[in-house]
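# Observations on the three-dimensional arrangement
Next come the chains, spelled out residue by residue.
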Amino acid sequence: MATTQSGGRKPGNSTRHPGAVDGVKGRAGRILLKAGKDGTYETAKEQETAVLVSVPPRRQSEAQTTEYLDELAFLIETAGATATKRFVQRLEKPDIRTYVGEGKLAEIKAYVQHEGTSMVVFDDDLSPSQLRNLEAELLVKIVDRSLLILDIFALRAKSATSRTQVELAQYQYLLPRLTGLWTHLDKQRGGVGMKGPGETEIETDRRIVRDRIAFLKEKLEDLDKQSHTQRKARGGSIRVALVGYTNVGKSTLMNVLGKADVFAENKLFATVDATTRKVVLDNTPFLLSDTVGFIRKLPTKLIESFKSTLDEIREADLLLHVVDISHPGFEEQIQVVNDTLADIGAADKPVLLVFNKIDQYKQDDSEKDPFGEVLEAEDDGTAPRPPLAQLQATYMAKLHDPVVFISAQERTNLDELRELLGKRVAALHQQRFPYQAANEWAGE
């Protein structure tokens, strides 16, 4: 299917950066394909292929590097593409010009040209100069981690607030990367003391983007006032927020506890919009909110843009921190969530730790030789995985607080979670409303 080209520019001239303002509403991941002879753009989607590139520090273990690249491949899959090859180069710090070294860049270029790869994705943020240099050298679409996450958020956002938040973050990402996008006008520069058309186009785009950013900020302020009014109206009830790393099962748990119909899928950032439902446990009512998941290296602009959504976490009385116990790096994911909570000013909130997906957990079985001695595990930089009971005892001793192990998908140990959550909510209710019986509110 093809669509007729709009605008007054000649077809096929623009080689602008993805997300520019040619009627694409700031979608940072969208690419305008070259127009055909009839002045139309081909919009039919093809399965894109991607090459993954990582420059880990030398001290980072192989297992950790593989885990990070697996997550990047999962992000690519969520965005609708397929990862076909991985390139890793260990450096003290990324090359300031091209992120990777000269030899590795030549290796990547040879593979991309031979296989006809659609894009090269970097597991880090690229500076505007690195982005331009890599595009000039590889001649394919270059995507860094922030751009990839922004594009996934744009696909997932449904409400007016989340769409506005994502669009604002996309334009803020795009603004410093406008320079050098008008390479097709290089030969049309003016003489001494005169500005060429290319410079005029760049300045025009900058003005349009800045105006759009200002408009979106004003729109978000209005939407934030509406959200604040809604949250203020809930001031007479205890509020619980589900938090955690992306794809740990928060939405599935929300559907079970809150009898909601939140979209849940085995992909990253399946839920972007916050959802709130009333829940009653043991005659004690409270409001349960599902929030956007966190991830390693979450773009700063995205955190700033999602202020109103994250206010659900800031203003909650209790955080239900959901952890995917089956993930080999679950402890690092816990730390990422805790760091993000500290960044948004919610580190001092009471937390109930919930380990999910116990049905997928696999402990390491100790092998014994014929004489009964335990054989040493192969040293791959990872510790053996203990039984669930041992993990539960360890975390209860560490936190001096009860923790619960469940499977939201299989409905395992949910009664234990409801009992523990009900006690915590009842205690908070008694603390905040000492003269109001919980069952009075529940009966409304």
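Residues numbered from 1 in each chain as written. Predicted model: local features only at pLDDT ≥ 70, side-chain atom pairs only at ≥ 80, totals over all residues. Heavy atoms only, no water.

### Quick look at the pairing of strand β11 (residues 351-356)
In terms of residue burial, β11 counts as a mostly covered element, since five of its six residues are buried. As paired elements, strand β10 (residues 318-324) and β11 share six bridges and run parallel to each other. Paired with leucine 320 across the strands is leucine 352, a residue of β11. Each parallel crossover has a hand, and the one from β10 via helix α10 (residues 330-343) to β11 is right-handed. Pairing analysis gives two bridges linking β11 to strand β12 (residues 404-405), with the strands arranged parallel. Looking at β12, one finds that phenylalanine 355 is bridged to phenylalanine 405. (Buried < 20%, exposed > 50% of the residue type's maximum accessible area, 1.4 Å probe, protein only. Helix = DSSP H or I, 4+ residues; strand = E, 2+ residues; numbered from the N terminus. Pairing = 2+ DSSP bridges. Right-handed = clockwise from strand over helix to strand, strands pointing away.)

### With respect to unusual backbone geometry
Even without being a glycine, tyrosine 99 presents a positive backbone phi close to 70°. Looking at the secondary structure, you find tyrosine 99 in the loop between β4 (82-88) and α2 (102-115). In this structure, asparagine 247 takes a positive phi of about 65° despite not being glycine. Here asparagine 247 shows up in the loop between β7 (238-244) and α7 (250-258). Asparagine 247 gets classed as buried once you look at its relative accessible area, which sits at 18%.

### Overview of the packing of α2 against helix α3 (residues 128-138)
Closest axis-to-axis distance for the α2/α3 pair is 10 Å, and the angle between their directions is 50°. Considering the angle they form, α2 stands oblique to α3. Between α2 and α3 the crossing geometry is right-handed. Here Leu105, Ile108 and Lys109 of α2 come into contact with α3, specifically with Leu134, Glu137 and Leu138. (Axes fitted to C-alpha atoms, helices over the stretch in contact; angles between N-to-C directions. Parallel < 35°, antiparallel > 145°, perpendicular 65-115°, else oblique. Left-handed = near helix turned anticlockwise from the far one by under 90°. Contact = heavy atoms within 4.5 Å.)

### Thoughts on the confidence of the model for the protein
Residue-level pLDDT values for the protein average 77, and 72% of them are 70 or greater. Ignoring residues within four places in sequence, the model shows residues 182-196, a span with pLDDT below 50, making 20 contacts including any to other chains. Here residues 366-381 scores under 50 on pLDDT; set against residues more than four positions off or in separate chains, the count is nine contacts. (pLDDT = per-residue confidence, 0-100.)

### Quick word on the sheet that holds strand β6 (residues 141-143)
Strand order in the open sheet formed by four strands is β4-β3-β5-β6, and the pairing between neighbours is parallel. Of all the strands in the sheet, the pair left with one neighbour each is β4 and β6. Neighbour-to-neighbour, the strand axes of this sheet turn through a mean angle of 25°, independent of strand direction. The sheet contact formed by strand β3 (residues 49-54) and strand β5 (residues 119-122) spans four bridges and is parallel. For alanine 50, the partnering residue across the bridge sits in β5 and is methionine 119. Of the strands in this sheet, β5 and β6 are in contact with α3, which crosses β6 at around 145°.

### Some words on the sheet that holds β10
Pairing in this open sheet of six strands is mixed, and the strands run β8-β9-β7-β10-β11-β12 from one edge to the other. Two strands in the sheet have a free side with no partner beyond their single neighbour: β8 (275-281) and β12. Pairing of β7 with strand β9 (residues 284-290) involves five bridges; the strand directions are parallel. Its bridge partner being in β9, arginine 239 is matched across the sheet by leucine 287.

### What about the packing of aromatic side chains?
Inspection of every chain in the model, using the stated rule, returns six aromatic pairs. Relative to phenylalanine 355, the ring of phenylalanine 330 has its centre 6.1 Å away and its plane inclined at 90°; by these criteria the two rings are edge-to-face. Pair noted here: phenylalanine 330 is in helix α10 and phenylalanine 355 is in strand β11, with a separation of 25 residues, a long-range link. Here the two residues phenylalanine 330 and phenylalanine 355 agree in accessibility, since each one is buried. Aromatic side chains phenylalanine 355 and phenylalanine 405 sit 4.7 Å apart centroid to centroid with 20° between the ring planes, which places their arrangement in the stacked category. Pair noted here: phenylalanine 355 is in strand β11 and phenylalanine 405 is in strand β12, with a separation of 50 residues, a long-range link. Neither residue differs from the other here; phenylalanine 355 and phenylalanine 405 are each classed as buried. Put simply, the rings of Phe330, Phe355, Tyr395 and Phe405 pair up and form one aromatic cluster. Geometry around phenylalanine 87 places lysine 85 over its ring, the cationic atom sitting 5.7 Å from the centre. Taking NZ or CZ as reference, lysine 398 lies 4.4 Å from the ring centre of tyrosine 395, over its face. (Phe/Tyr/Trp six-rings, centres within 6.5 Å; stacked < 30°, edge-to-face > 60°. Lys NZ or Arg CZ within 6 Å of the ring centre and 35° of its normal.)

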